[in-house]
Amino acid sequence: MCGIIGVIGERNATPILVEGLKRLEYRGYDSAGIAVITRDGSIGITRSKGKLVNLENRLAESPCTGLVGIGHTRWATHGPPTEKNAHPHQSRRCAVVHNGIIENYQELRRELTGQGVTFASDTDTEVIPYLIDRELDRGAEPAEAVRAAIRLLQGAYALGILIQGADLLIAVRRGSPLILGIGEGENFIASDATPLVPYTRRMVYLNDDDLAVLTRTNVRITDLRGHAVERAVKISQVSADLTDKWPYRHFMQKEIHEQPTALGETLKGLIRASDLSVDLHDLQGEVDFSQVKAVNIIACGTSYHAGMVGSYWIEQLARLPVSVNIASEFRYREPPSLPDALTVVISQSGETADTLAALRFCRAQGQKVLGIVNVPESTIAREADGVLHTQAGPEIGVASTKAFTTQLMVLACLSLALARAHGRLTREVERASVEELMRVPARLEQVLLQDGVLQRIAGRFMNARGFLFMGRGTCFPIALEGALKLKEISYIHAEGYAAGEMKHGPIALIDEQLPVVAVAPRDPLFDKVVSNLEEARARGGRLVVITSGGHGEEKLPFAADHVIAMPACGMFAAPILYVVPLQLLAYHIAVLKGTDVDQPRNLAKSVTVE
């Protein structure tokens, strides 16, 4: 995933582009660059390898100004993160920024090389400006030249395009997200709303195969045949303040501490507090839960872990069979059609390429699809039959925190709604469950008070060669998530396991140097987890136990090196509450090791290409 920003207006574009790239840097940070049409009508390009500050320094040394410009922050796909591979890429008369992958670029590159083109980069993107150049040389107007060039492209792309001598900005979308910002005397393009809200809240979300031509006072959108199309103007609810990390040191730290508020906001759209009942009044679209005979959950990464937790709840309460699938693998199995199944796709961004492809596969097979997303105008939100929104607000840190816990809150309420639709939920259980969920934000505030304890534990284990996380039931996926968080931001190898699987291999890893983190609420499976921990302790494992019921190790039936005391809670609250100490542990270890917490190496916030 990469970040795109573009502007055409009456003021210098460069500061707008740089500020926009700062707000988009979570989407990619291997390199960055801008292109502007200068006063003499030529295209000036400034690029730099590495973080955005390197580009800022270069622009301070050699200012580049103009009223029309595009910018890009890159997550490397084709070619290493070098200056020559940084965007924008240019030909004689054209500059392009690109998010996506051109699958047939090698074929196009060979064709253009045979026509005398000399390429300067290793990227797939560079064929695009040369294809546009070729059409301009044949006499095509700018929009038609772009249209003719992109007809040759196979793959996914969001494009921002400048044409030398043309006082306009062109945007094209297929597969990768791209939106327009409608201002007063100026107009914008961007990968998402966050860089645009300081200038306008009026947004247009492009559909696949839309081509937009922007001038200072007008926006015209056509399809690939050149026919005009209408796209609604939406008012963005994103707040510019939410993309500022003050007073926290990192966005991840801020977002961990925002979880009580985010969970409370999410719950408002899912229950009726007056009578403690589930009421999915935030559900957009039509899905008849009473007709569902099975549930098919599809997601990637952290969202996949949320889906695993949801599968336990749905099976236990609604008594419906549930399959949980990694999106990148799902459709390649060519699973049989299940007409009475509800497919639930989970994605923080709503743009995850593999998840979106799985959604389209299921819809083509006649299945109803419910999306759980954090971005209301995302592609998944628009294409699903029904949508439930997580009210997490913008999540800038690449390692997901509040998006995950709000997904769990939605899945908890969805499981209750399915159970009620099938006559398997008594009012007594419904009231008790809703009351438990309503208490989660306050109890999470209690958990966050353990921050100092977790910081001290992080100091003790920051140099460990690896970690083993374990849990049972709904806390098995939480163990997986804790391991993923640690890997993502500290670069320490970690594995999550179902605690009962320890004797089937992982126990071979345990010695005096290996921290074992147990996610162990006092639930019906607690005694079994205790047995697994005693086995780890007997082999010298260093035990960190997250559990309720006491504030010291004397409260456990065995000695632990560290105990994180948790508030008592039920089946729904436990996964939501117990993941937060794991988030904090990963965060503090990463800080102590000096890694880039918000922008860990090789990662991007959303994977918008396969």
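Note: the structure precedes this text.
Conventions we followed
Within each chain, residue numbers correspond to sequence positions counted from 1 in written order. The predicted nature of this model means local features are confined to residues of pLDDT at least 70 and side-chain atom pairs, given and counted, to a pLDDT of 80 or more, with totals for whole chains, interfaces and linings taken over all residues. Based on all heavy atoms of the structure, the side-chain values leave hydrogens and waters out of the count. The numbering of helices and of strands both runs from the N terminus, where a helix is a DSSP run of H or I of at least 4 residues and a strand a run of E of at least 2. Here the globule rule reads 2.2 Å times residues to the power 0.38, and the radius of gyration is calculated from C-alpha atoms. When accessible area is computed with a 1.4 Å probe and restricted to protein chains, residues below 20% of their type maximum are described as buried, those above 50% as exposed, and intermediate ones as partly exposed. Residue contacts are defined here by distance: any two heavy atoms, one from each residue, within 4.5 Å place the two residues in contact. Neither His nor the chain termini are counted; the positive set is Lys and Arg, and the negative set is Asp and Glu. To locate a charge, take atom NZ for lysine, CZ for arginine, CG for aspartate or CD for glutamate. Put simply, the grid is 1 Å and covers the protein atoms alone, a cavity is a trapped set of points that fit a 1.4 Å probe, a pocket is an open set with protein on both sides within 12 Å along at least five of seven lines, and lining residues have an atom within 4 Å of a point. Grid points are joined across faces, edges and corners, and a volume is the space filled by probe spheres set on the points. When DSSP finds two or more bridges between two strands, those strands count as paired. Residues belong to a common nonpolar core when they are buried Ala, Val, Leu, Ile, Met, Phe, Trp, Tyr or Cys residues joined through side-chain atoms within 4.5 Å.

**Q** Can you explain the overall build of the chain? Please cite residues and give values.
**A** A tally of helices and strands in the chain yields 17 helices and 27 strands. The C-alpha atoms of the chain give a radius of gyration of 25 Å, which matches the 25 Å a tight globule of 610 residues would have. Summarising its shape, the C-alpha atoms of the chain cover approximately 80 × 50 × 45 Å along the three principal directions. Expressed as a percentage of the 610 residues in the chain, the buried residues total 62%. Contacts in the chain between residues at least 24 apart in sequence constitute 72% of all its contacts with a sequence separation of at least 6. Counting 64 positive and 70 negative side-chain charges, the chain places the averaged centre of each group 1 Å from the other.

**Q** Give a description of the layout of surface pockets that names residues and reports values.
**A** Considered as a void within the structure, the largest pocket measures approximately 940 Å³ in volume. Around the largest pocket, the lining is made up of 43 residues, and of these Val238, Asn374, Val375, Pro376 and Pro394 lie nearest the centre. Within the residue set of the lining of the largest pocket, elements represented by two or more residues are strand S14 (233–235) and helix H7 (259–268). At three residues, the largest contribution of residues to the lining of the largest pocket is made by H7.

**Q** Outline the pairing of strand S7 (residues 155–163), listing residues and values.
**A** Among the nine residues that make up S7, eight are buried, leaving the element largely enclosed by the rest of the structure. Both S7 and strand S8 (residues 169–174) contribute to a ladder of four bridges, which runs antiparallel. In the sheet register, Leu159 faces S8, and the bridge partner there is Val172. Hairpin connection of S7 to S8: five residues between the antiparallel strands, including Gly165 at a positive phi of 85°.

**Q** So, the sheet that holds strand S6 (residues 94–102): which residues are in play, and what are the values?
**A** Spatially, six strands are ordered S5-S6-S7-S8-S12-S13 in an open sheet, and the strand pairing comes out antiparallel. Strands at the two margins of the open sheet, each flanked by one partner only, are strand S5 (89–90) and strand S13 (219–222).

**Q** Hey, could you go over the nonpolar core for me, with residue numbers and the actual values?
**A** Residues Val295, Val344, Leu418, Phe467 and Phe469 are the most contacted members of the largest nonpolar core, which totals 91 residues. Residue contributions to this core peak at 15 residues, all from helix H17 (residues 573–593). Once residues within four sequence positions are removed from consideration, Phe467 is found in contact with Phe461, Leu486, Ile492, His493, Ala494, Glu495, Leu514, Pro515, Val517, Leu585 and Ile589. One finds Val117, Ala149, Ile150 and Val213 within the second-largest nonpolar core, a separate group that totals 30 residues.

**Q** Quick rundown of the pairing of S13? Include the residues and the values.
**A** Pairing analysis gives four bridges linking strand S12 (residues 210–214) to S13, with the strands arranged antiparallel. From the neighbouring strand, Ala212 faces S13, where its bridge partner is Ile221. Taking the residues between adjacent antiparallel strands as the criterion, S12 and S13 are bridged by four residues.

**Q** Before we move on, can you summarise the sheet that holds strand S22 (residues 386–389) with the specific residues and values?
**A** Taken together, the six strands give an open sheet; going across it, the order is S17-S22-S21-S20-S18-S19, and neighbouring strands pair in mixed fashion. Bordering the open sheet on either side are strand S17 (284–285) and strand S19 (322–326), each of which pairs with just one other strand. Relative to strand S20 (residues 341–347), strand S18 (residues 294–299) runs parallel, the two being bridged by five bridges. Paired with Ile298 across the strands is Val345, a residue of S20.

The quantities given are spatial measurements derived from coordinates; they are silent on function.
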